Amino acid sequence: METPQSAPLDEAAITHLRSWVGRSETLQDTLAAAPLRGFSATLDRDDPPPERGTPLPPLGHWLYFLPHAPQSQIGPDGHPKRGGFLPPVPLPRRMWAGGRLVWEPGNPLRVGDEARRVSRIESVTHKQGRSGEMVFVLVRHEVHNAQGLSLSEEHDIVYRAAAHSAPTLGAAAPSLPPEGALTPRGGPSVFAGEKAPPPKAAQTSAPWRRQIVPDDVLLFRYSALTFNGHRIHYDRQYVTQVEGYPGLIVHGPLIATLLTDLVRRHAAAGAVLRRFEFRAVRPTFDLNPFFVNGKPSADGQQVHLWAHDHEGFLTMQGSAELA
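So, here is what we can say about the structure in this document. (Residues numbered from 1 in each chain as written. Predicted model: local features only at pLDDT ≥ 70, side-chain atom pairs only at ≥ 80, totals over all residues. Heavy atoms only, no water.)

### Focus: the sheet that holds strand 4 (residues 132-145)
Turning to step 1, where the next piece is worked out: With antiparallel pairing, the 10 strands of this open sheet are ordered in space as 1-3-4-5-2-7-10-9-8-6. If you trace the sheet from one side to the other, it starts and ends with strand 1 (24-30) and strand 6 (208-212), each paired once. For this sheet, the mean angle separating the axes of adjacent strands, direction not counted, is 20°.
Turning to step 2, where the next piece is worked out: Here strand 9 (residues 302-308) runs beside strand 10 (residues 314-322); their pairing, made up of seven bridges, is antiparallel. Note on strand 10: the bridge partner recorded for Trp 306 is Gln 317.
Turning to step 3, where the next piece is worked out: Strands in contact with helix 5 (residues 252-266) are strand 2 (93-103), strand 6, strand 7 (273-280), strand 8 (290-296), strand 9 and strand 10; relative to strand 6, the strand with the most contacts, it is inclined by about 135°. (Pairing = 2+ DSSP bridges. Helix = DSSP H or I, 4+ residues; strand = E, 2+ residues; numbered from the N terminus. Axes fitted to C-alpha atoms, helices over the stretch in contact; angles between N-to-C directions. Contact = heavy atoms within 4.5 Å.)

### Notes on helix 5
Turning to step 1, where the next piece is worked out: Its 15 residues give helix 5 an end-to-end C-alpha distance of 22 Å, which sits within 8% of 21 Å, the value for a rise of 1.5 Å per residue.
Turning to step 2, where the next piece is worked out: The buried fraction of helix 5 amounts to 12 of the 15 residues, a majority that puts the element mostly inside the structure.
Turning to step 3, where the next piece is worked out: For helix 5, the complete set of buried residues consists of Gly 252, Pro 253, Leu 254, Ile 255, Ala 256, Thr 257, Leu 258, Leu 259, Thr 260, Asp 261, Leu 262 and Val 263. (Expected span 1.5 Å × (residues − 1). Buried < 20%, exposed > 50% of the residue type's maximum accessible area, 1.4 Å probe, protein only.)

### Regarding the pairing of strand 7
Turning to step 1, where the next piece is worked out: In the sheet, strand 2 pairs with strand 7 via four bridges, with the strands oriented antiparallel. Paired with Gly 99 across the strands is Phe 278, a residue of strand 7.
Turning to step 2, where the next piece is worked out: Bridge count for strand 7 against strand 10 is seven bridges, and the pairing is antiparallel. By the bridge assignment for strand 10, Ala 280 is matched with Met 316.

### Thoughts on the packing of aromatic side chains
Turning to step 1, where the next piece is worked out: In the structure shown here, the tally under the stated rule is four aromatic pairs.
Turning to step 2, where the next piece is worked out: Measuring from centroid to centroid gives 5.7 Å for Phe 276 and Phe 278, while their planes differ by 20°, and the two rings are stacked. Here Phe 276 matches Phe 278 in class, with each residue buried.
Turning to step 3, where the next piece is worked out: Pairwise contacts between aromatic rings join Trp 62, Trp 96, Phe 276 and Phe 278 into one cluster.
Turning to step 4, where the next piece is worked out: Above the face of the Trp 20 ring, Arg 23 is positioned so that its terminal group lies 3.9 Å from the ring centre.
Turning to step 5, where the next piece is worked out: When the ring centre of Phe 291 is taken as origin, the NZ or CZ atom of Arg 209, which lies over that ring, is 4.2 Å away. (Phe/Tyr/Trp six-rings, centres within 6.5 Å; stacked < 30°, edge-to-face > 60°. Lys NZ or Arg CZ within 6 Å of the ring centre and 35° of its normal.)

Have a look at this one:
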């Protein structure tokens, strides 16, 4: 199987995509307890059962406001077909490209809240990378409960051209990680395509450290929790033969969640996450274990976070600010 090659985007097509800037979408959801029970189980935590009033853990809001496209509206990659709120970018590979989040002090989202998420397209940027065209879409989300604004999030999405060929197992992995790095705000990315610079060695010792085994079940459970039909996370034939990757891809948001979970496991009692940002720098596959790491500042209020693969190469970097 091969991914269809898309024609180059001309100026008229780019202008059309940019007409989505300023569009907004508002979704309502009741923050039920059941998704959080699955969340704790997937992260291998022994949390008390959530009940009405329990604060959502960091990034727990990703379990809500989920897209529920009818089966007839699902595209070949498992995502809803292009168009609607997000611009209909014709490039076939869509990936999460990092994020930045700020929680409002004193107003956490809680189980039982009737919550509202307002999303707005902030920018659409066209770039030419080493392996072809890329389009970056920046979306800003604001999540409110009855008390007002609870958290703000900037979400970077990147669309890119199809892989030219599918590598075999053990071959060098394509360099742009699905649901990974490449935020336009971060300057030139180290992942512009298959002809990327050499991977970056990560620090492999840290005060906080956890090994993760990304098996099929873990990836399936997280896909189910987030109602994510993207086939790169569970369909091995598709991801290797169509998208051209050597194995199932670990969700970037799952790795980000594991980084915040590392903070929860090690930070001082009562510490609350105030800010978090993350950016992936190399794809993570289900073929080998990987590691999440953290190094707190002397005062314990800042945490440098990163993940690396079994070879010691940096796969995600981030930072957290605690209150």
